[in-house]
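Understanding the architecture of this molecule
Each chain, written out:
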Amino acid sequence: MVNKVADEPQLLSKKAGCNSHGQDSSYFLGWEEYEKNPFDAVANPSGIIQMGLAENQLSFDLVEDWLEKNPDALGLRRGGASVFRELALFQDYHGLPAFKNALARFMSEQRGYRVAFDPSNIVLTAGATSANEALMFCLADQGDAFLIPTPYYPGFDRDLKWRTGAEIVPVHCTSANGFRVTRAALDDAYRRAQKRRLRVKGVLITNPSNPLGTAVPRADLDMIVDFVAAKGIHLVSDEIYSGTAFSDSAPFVSVLEVLAARGPRAADYGLDGRVHVVYSLSKDLGLPGFRVGAIYSSNQAVVSAATKMSSFGLVSSQTQFLLASLLGDKDFTRGYLAENKRRIKERHDQLVDGLKAIGIGCLESDAGLFCWVDMSHLMRSRSFEGEMTLWKKVVFDVGLNISPGSSCHCSEPGWFRVCFANMSAKTLDVAMQRLRAFVETSYRGASAGGALRRAAAPARSMSCPLAMNMKWALRLTPLSADRKAER
């Protein structure tokens, strides 16, 4: 046996050995429990139902129907002739022009053609995860900070910080105004960053919001743009859920629309070069496995640097070829966008109505593949410890993997992100039946009656009721394998 030498050199890098990836968050731990015991209506009807996965499986049939009618796209043919050899050879990291043109048109169509996208300002990446990380590498040095409104997508702790060394300073938002970001909250976050001697390089928002499921109002976007203009910093708008916004009365507004409305004033503040958009096809088209993301920026230095970085995570040529045909079909995209939104709203309403019947309310939402659910009245104590206790019961006793608000850095305990678009309507019914049985069994009697009566009371910005950040040291199991995660 070889004795370990005290001064043996470290075999792994500090980066490999550090614990800043974020996989110890309950967001990822819930995934691990689901993967060990996944629900199947026939093979495993008592398994855990995955409601922590923001995946759009509602419109696969529309894409499959198009593929049946357009066999050349999957067969790697153009006009009946094979393009296999052309696609099999090395492609430079700028991407196929046909795909970038089609993607630019599709992004504009999603926004009602109120914004035009220049294909030369698009950088292709292997999903939005790569896009956000590449932007951090371009805009921030190690130790620099970005301000992000809470609650925010738990994966940002990995995507933005792990390899870049950048810092996140939360912009604390509350249920008092439906978790809308305010100028006071931005100013407070900026001051806290300065006290920590962090150089603030920008603000990052998700629009529509993950996990809130709300599109950012134009007035709020104007306020945020004013803030970054005054501070001379960047604004990154992650708009990967833009095609899921289903409200006819309040259509999705891109930050680029706000910028365009300012005309010359935007150029005067240099905003054109400091506002950047992230997009992907993972949510709107339901294609996370295709790994297609994009950065859109009018800053040519950012485009140039990000394009070089994209060589570490390219979109395959055959994927670009297929999607160039799909997105280039205007009849298909027009019909798909309308029908997909209709289906998302229908499934959203099914979840909201099901929860309401149990006495559980949600933040009013108009986009996304999830609802922001208030279960604070079901907690034994109004604390993050109480939230974790309830979460473990829901995962292990009820068999539903949902994401606790504290994993999203929510400052108020009792909120949970619940996804609805990655399952059938029948499976969602099963989930609601389980949750109803849990509430009726665990909270029957006087205390439950009081809780349910509170849940039935109306509250501002809620579908039903209104109901410090904590560092995750908890592990439910010794399993340490890294898990892939989509939002």
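Below, the structure is looked at part by part.

About the thresholds
- Starting afresh in each chain, residues are numbered from 1 along the sequence in its written order.
- Totals for whole chains, interfaces and linings use every residue, but because this is a predicted model, local features are given only for residues with pLDDT of at least 70 and side-chain atom pairs only at 80 or more, for both listing and counting.
- As a convention, hydrogens and water are excluded, and side-chain values are obtained from all of the structure's heavy atoms.
- Each residue gets one of three labels from its accessible area relative to the maximum for its type: buried under 20%, exposed over 50%, partly exposed in between, using a 1.4 Å probe on protein chains only.
- Numbering of helices and strands runs from the N terminus, with a helix taken as a DSSP run of H or I at least four residues long and a strand as a DSSP run of E at least two residues long.
- Pairing between strands requires that DSSP locate at least two bridges from one strand to the other.
- A crossover gets the label right-handed when its path from the first strand over the helix to the second runs clockwise, viewed with the strands pointing away from the viewer.
- Between two residues, a contact is recorded if the distance between any of their heavy atoms is within 4.5 Å.
- Residues adjacent in sequence count toward polar contacts only when both atoms are side-chain atoms; beyond that, a polar contact is any pair of N or O atoms within 3.5 Å, and within protein one must be able to donate a hydrogen and the other to accept it.
- Where helices are involved, their axes are fitted lines through C-alpha atoms of the stretch in contact, as for all axes, and angles between N-to-C directions lie from 0 to 180°.
- Note on ring pairs: Phe, Tyr and Trp rings are taken, using the six-membered ring of Trp, and paired if centres are within 6.5 Å. Classes follow the plane angle, with under 30 degrees stacked, over 60 edge-to-face and the rest tilted.
- By disulfide we mean two sulfur atoms from cysteines, separated by a distance within 2.5 Å.
- The term nonpolar core refers to a set of buried residues drawn from Ala, Val, Leu, Ile, Met, Phe, Trp, Tyr and Cys, joined through side-chain atoms within 4.5 Å.

A few words now on the pairing of strand β7 (residues 200-206). Residues in a regular strand project their side chains so that they alternate between the two faces of the sheet. Burial of β7 is extensive: seven of the seven residues sit out of reach of the surface. One ladder, built from three bridges, connects strand β5 (residues 145-149) with β7; its direction is parallel. Paired with Phe146 across the two strands is Gly202, which belongs to β7. As paired strands, β7 and strand β8 (residues 234-238) are joined by five bridges and run parallel to one another. Counterpart to Val203 in the pairing with β8 is Leu235. Following the backbone out of β7, through helix α10 (residues 218-231) and into the adjacent parallel β8, one traces a crossover that is right-handed.

The next point concerns the environment of Arg163. Note that Arg163 resides in the loop between α8 (156-159) and β6 (167-171). Considered as a pair, Arg163 and Ala16 are 147 residues apart in the sequence and their alpha carbons are 9.9 Å apart. When sequence neighbours within four positions are dropped, the list of residues in contact with Arg163 reads Lys15, Glu133 and Phe137. At a separation of 2.6 Å, a polar atom in the side chain of Arg163 contacts the side chain of Glu133.

A word on the sheet that holds strand β14 (residues 403-404). On the basis of which strands lie adjacent, the open sheet formed by four strands has the order β11-β12-β15-β14 and antiparallel pairing. Strand pairing shows two members of the sheet lacking a second neighbour, β11 (361-362) and β14, which therefore form its edges. Alignment of β11 against strand β12 (residues 370-374), held across two bridges, turns out to be antiparallel. When the bridges of β12 are listed, Gly361 appears paired with Asp374. With respect to the sheet, helix α15 (residues 330-358) is in contact with β11, β12 and β15 (415-419), its orientation differing from that of β12 by roughly 15°.

So, about the packing of aromatic side chains. We describe a pair of aromatic rings using the distance from one ring centre to the other and the angle between the two ring planes. Considering all chains together, one arrives at ten aromatic pairs under this definition. Aromatic pair Trp372 and Trp415: ring centres 6.0 Å apart, planes at 5°, arrangement stacked. Of this pair, Trp372 sits in strand β12 while Trp415 sits in strand β15, and the two are 43 residues apart along the sequence. Residue classification places Trp415 among the buried residues on the basis of a relative accessible area of 2%.

This part covers the pairing of β8. Most of β8 sits out of view: five of its five residues are buried. With four bridges connecting them, β8 and strand β9 (residues 275-280) associate as parallel partners. Looking at the pairing, Val236 lines up with His276 of β9.

Bringing the sheet that holds strand β4 (residues 122-125) into the picture now. Two modes of strand pairing occur in sheets, parallel and antiparallel, and in both the strands are linked by backbone hydrogen bonds. Read from one edge to the other, the open sheet built from seven strands follows the order β4-β10-β9-β8-β7-β5-β6, with strand pairing classed as mixed. The sheet terminates laterally at β4 and β6, the two strands that pair on one side only. Here the average twist between neighbouring strands, direction ignored, is 25°. Sitting on the sheet, helix α6 (residues 97-110) is in contact with β4, β9 and β10 (293-297), with an inclination near 105° to β4. Its contacts with the sheet place helix α7 (residues 127-139) against β4, β5, β7, β8, β9 and β10, and it is angled at close to 160° to β9.

The next point concerns the state of the cysteines. All chains considered together, the criterion is met by zero disulfides. Cysteine Cys173 remains unbridged, with the sulfur of Cys410 as its closest cysteine sulfur at 9.4 Å. For Cys173, a relative accessible area of 2% puts it in the buried group. Cys410 provides the cysteine sulfur closest to Cys408, a residue in no disulfide bond, and the two sulfurs are 7.9 Å apart.

The next thing to look at is unusual backbone geometry. A cis geometry characterises the amide bond from Thr150 onward to Pro151, with omega recorded as -5°. Structurally, Pro151 is set in the loop between β5 and α8. Cis geometry is found at the peptide bond from Asn207 to Pro208, where omega equals 0°. By the secondary structure assignment, Pro208 is in the loop between β7 and α10. The backbone of Leu76 shows a phi angle near 55°, a positive value even though the residue is not glycine. Mapped onto the fold, Leu76 is located in the loop between α4 (71-74) and β2 (77-78). Classification of Leu76 as buried rests on a relative accessible area of 19%. In this model, Tyr113 sits at a positive phi of 60°, which is unusual for a non-glycine residue.

Next up on the list: the nonpolar core. In globular proteins that are soluble, nonpolar side chains generally tend to be buried together. Of all hydrophobic cores here, the largest spans 74 residues; its most connected members are Phe99, Leu103, Leu147, Val203, Leu235 and Leu281. Broken down by element, the residue count for this core peaks at seven residues, all from α10. In this view, Val203 contacts Phe146, Leu147, Leu186, Ile224, Phe227, Val228, Ile233, His234, Leu235 and Val236; residues no more than four positions away in its chain are not counted. Phe39, Ile48, Met136 and Cys419 belong to the second-largest nonpolar core, a separate cluster that totals 68 residues.

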